[in-house]
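Listed here are the chains, written in short residue letters.
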Amino acid sequence: MGKTTPCKIPLLFQSKLLCFSLLYLATTLFFALRNSLSPSQCGFKDPPFDPIQTPLFTYPHSYGEHKYALPARRSSCSSSVLFSDYKVVFKEIQDLCGNSSAFPPVLKYMQGNADSFGGHFGTKKRIAYIDHQNNSLDLPCGFFKKFPISDSDRTAMENCHGVVVVSAIFNNHDKIRQPRGLGSKTLETVCFFMFVDDTTLKGLEHHHLIYEKSNEFKIGAWRIVKVSSKNLYENPAMNGVIPKYLVHRLFPNSKFSIWVDAKLQLTADPLLLIHALVVSENVDMAISKHPFFIHTMEEAMATARWKKWRDVNALLMQMETYCENGLQPWSSNKLPYPSDVPDSALILRKHGLRSNLFSCLMFSELEAFNPRDQLAFAYVRDNMSPKLKLNMFEEQVFEDIAVEYRHSLKRVGIGANDEGSKASNSKGTKRASHELLFINGSSCSSCQNYLLKMWGS
């Protein structure tokens, strides 16, 4: 037998130190690339189950559904939400939704016709319904006009039992984004509804996401519901408030709901979210705390300063009305409520007496003043009876379960920066800081005590 020639190892790999260095470099580059492409910026942050991996919908490149994502303010690679096992949660939610005694029909709603969808009640009338001790009393809760959608959409909404995820795009202000991290049975049991107006619908047709001749529209997980907004409010933002706060009336047979602003992309399964933030916490509603503000007046001043609502006089009147009727700055006396200002882009609800009452009262306030719901939030929450059981979770939780995007840069008609422009007769815009709190150089009497308490004077 001849000698076997030993396999020669290239000089490059004869040094163990060099081999380990190359291996370390390759591993580091791999995880750095994975981290840079991950919305959560975490290389090992995985869901507690194996979610659906295939895309729910393939968008044309021109649509740009993932452009302009906002960076997380508090990046963390440890999850701030404790999810239970998906199969256990699925069964528990199914059992809850099948238990009719857990969701008694306790509210009666006012019927009739009016010039506006919500009836546009005055201050004294709205205050009369805040203390709801008499369940036989009819409560105003919108629908004084018919909600203008197709019969097929209305039937589909009534047939949605269990959990519904709701969003809305009016005036083509955002992009439709598909939820991520869904469990294997979620699409079979959870309804996803996106409300749009004619302007948004035309934008979807322009990108060939839907076809005009279709009677029903579906984009990935979302059923698209066309709303003829010309029969509703002139302000598109106010039309978006209808599905945001009257979801329990639009979906009368649903037991839980999640409102998702169209600027968000949900990255966690809705069943897991409902279970972790509502069911396990034994609350009526879950919503994120605002990352910067805790007092309503802080939000009011920022609303005027950044032109989120141009009619500063109307904002002043709103704050005066609330101060006259019991609004106080946040303090430890309000615990367990940790703040007066939410980030209302994501709202999770168990449909019952308290959460439905809160939603109805909120809608009446928003119609009376403006669709900036953070301004009315604490006033309604603190004054309503029975009291709302509320989970105001930390901003980190919000960032762990959703990705936030900028609104669409190209818009038609009234955009966010034009909200309220038609409500004000003046062409100019008052910028506000301290001037929001004064009229003709005198401090607003109704809110003076509020301000002194807020500033610790």
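Q: Give a description of the overall build of the protein that names residues and reports values.
A: Secondary structure assignment for the protein yields 15 helices and 14 strands. Looking at the protein residue by residue over its 457 residues, the buried ones come to 50%. Contacts in the protein between residues at least 24 apart in sequence constitute 86% of all its contacts with a sequence separation of at least 6. Within the structure as shown, the protein displays about 23000 Å² of accessible surface, and the carbon and sulfur contribution to it stands at 54%.

Q: Give me the state of the cysteines: which residues, what numbers.
A: With the rule as written, the count across this model stands at three disulfides. The disulfide that involves Cys141 links it to Cys360, with 2.0 Å between the sulfurs. Where Cys141 bonds to Cys360 through sulfur, the torsion about that S-S bond is close to -75 degrees, and the disulfide is left-handed. With a gap of 219 residues between them, Cys141 in the loop between strand 2 (138-139) and helix 4 (151-158) and Cys360 in helix 12 (residues 353-368) connect regions that are remote in the sequence. Exposure remark for Cys360: the relative accessible area of 0% places this residue in the buried category. Across a sulfur-sulfur distance of 2.2 Å, Cys323 and Cys447 are joined as a disulfide pair. Given an S-S torsion of about 100 degrees, the disulfide between Cys323 and Cys447 has right-handed geometry. Taken together, the residues span a long stretch of sequence, with Cys323 in helix 11 (residues 312-324) and Cys447 in helix 15 (residues 445-454) at a distance of 124 residues. Residues Cys323 and Cys447 agree in their burial class; the two are buried.

Q: Provide a residue-level description of the nonpolar core, including the pertinent values.
A: In this structure, Phe195, Phe251 and Met297 are the most contacted members of the largest nonpolar core, which totals 72 residues. Take this core: its biggest share by element is seven residues, from helix 12. In this structure Phe251 touches Met157, Cys160, Val164, Val166, Phe193 and Phe195, once residues within four positions along its chain are discounted. With 51 residues, the next largest nonpolar core counts Val89, Ile169, Val196 and Ala221 among its residues.

Q: Summarise the packing of aromatic side chains; cite the residues concerned and give the values.
A: Given two aromatic rings, their pairing is described by the distance between the two centres and the angle made by the two planes. Taken as a whole, this structure holds 16 aromatic pairs when the rule is applied. For the pair Phe193 and Phe251, a centre-to-centre distance of 5.0 Å together with 65 degrees between the ring planes defines the contact as edge-to-face. You can see Phe193 sitting in strand 4 (residues 190-196) and its partner Phe251 sitting in the loop between helix 8 (247-250) and strand 7 (254-260), a full 58 residues away along the chain. Pair check on accessibility: Phe193 and Phe251 agree, each one buried.

Q: Just give me the short version of a nonpolar patch on the surface, but keep the residues and values in it.
A: Taken together, the side chains of Leu22, Leu25 and Leu29 make up a nonpolar region of the molecular surface, amounting to roughly 270 Å² of accessible area. Checked against the element boundaries, Leu29 lands in helix 1 (residues 16-37).

Q: Can you explain the sheet that holds strand 5 (residues 217-219)? Please cite residues and give values.
A: Spatial ordering of the open sheet is given by 5-6-4-3-7-10-9-11, a layout of eight strands whose pairing is mixed. If you trace the sheet from one side to the other, it starts and ends with strand 5 and strand 11 (390-393), each paired once. Averaged over all pairs of adjacent strands, the angle between strand axes in this sheet comes to 25 degrees, irrespective of strand direction. Here strand 9 (residues 285-289) pairs with strand 11 via four bridges, running parallel.

Q: Talk me through the environment of Asp373; I want residue IDs and the actual numbers.
A: Tracing the chain through its elements places Asp373 in helix 13 (residues 373-383). A C-alpha to C-alpha distance of 9.5 Å links Asp373 and Val341, two positions 32 residues apart in sequence. Those residues in contact with Asp373, other than ones at most four positions away along the chain, are Lys244, Tyr245, Ser344, Met362 and Leu366.

Q: Let's hear about empty space enclosed by the protein: which residues, and what values?
A: Taken as a whole, this structure holds three cavities of 30 Å³ or more when the rule is applied. Size it by volume and the largest cavity reaches roughly 70 Å³. Ser167, Arg177, Trp222, Val260 and Leu264 are, among the 15 residues lining the largest cavity, the residues nearest its centre. Contributing elements (two or more residues each) for the lining of the largest cavity: strand 3 (162-169), strand 4 and strand 8 (264-266). The element contributing the most residues to the lining of the largest cavity is strand 8, with three residues. Of the volumes computed, that of the second largest cavity is approximately 50 Å³. Lining the second largest cavity are Phe121, Lys125, Arg126, Tyr129, Leu139, Pro140, Cys360, Leu361 and Ser364. Counting residues per element, the ones that place at least two in the lining of the second largest cavity are helix 3 (123-128) and helix 12. Examining the composition of the lining of the second largest cavity, we find that three residues originate from one element, helix 12, more than from any other. In the lining of the second largest cavity, the residues fall into six nonpolar, one polar and two charged.

Here is what the cut-offs are and how they apply
- Residues numbered from 1 in each chain as written.
- Predicted model: local features only at pLDDT ≥ 70, side-chain atom pairs only at ≥ 80, totals over all residues.
- Heavy atoms only, no water.
- Helix = DSSP H or I, 4+ residues; strand = E, 2+ residues; numbered from the N terminus.
- Buried < 20%, exposed > 50% of the residue type's maximum accessible area, 1.4 Å probe, protein only.
- Contact = heavy atoms within 4.5 Å.
- Areas by Shrake-Rupley, 256 points an atom, 1.4 Å probe, with all protein chains shown as cover.
- Disulfide = S-S within 2.5 Å.
- Core = buried A, V, L, I, M, F, W, Y, C linked by side-chain atoms within 4.5 Å.
- Phe/Tyr/Trp six-rings, centres within 6.5 Å; stacked < 30°, edge-to-face > 60°.
- Patch = residues over 30% accessible without salt bridge, like charges linked within 9 Å, V, L, I, M, F, W, Y side chains within 5 Å.
- Salt bridge = Lys/Arg side-chain N within 4 Å of Asp/Glu carboxyl O.
- Pairing = 2+ DSSP bridges.
- Axes fitted to C-alpha atoms, helices over the stretch in contact; angles between N-to-C directions.
- 1 Å grid on protein atoms, 1.4 Å probe; cavity = no way out; pocket = protein on both sides within 12 Å on 5 of 7 lines; lining within 4 Å.
- Points joined across faces, edges and corners; volume = space filled by probe spheres on them.
- Nonpolar A, V, L, I, M, F, W, Y, C, P; charged D, E, K, R; others polar.

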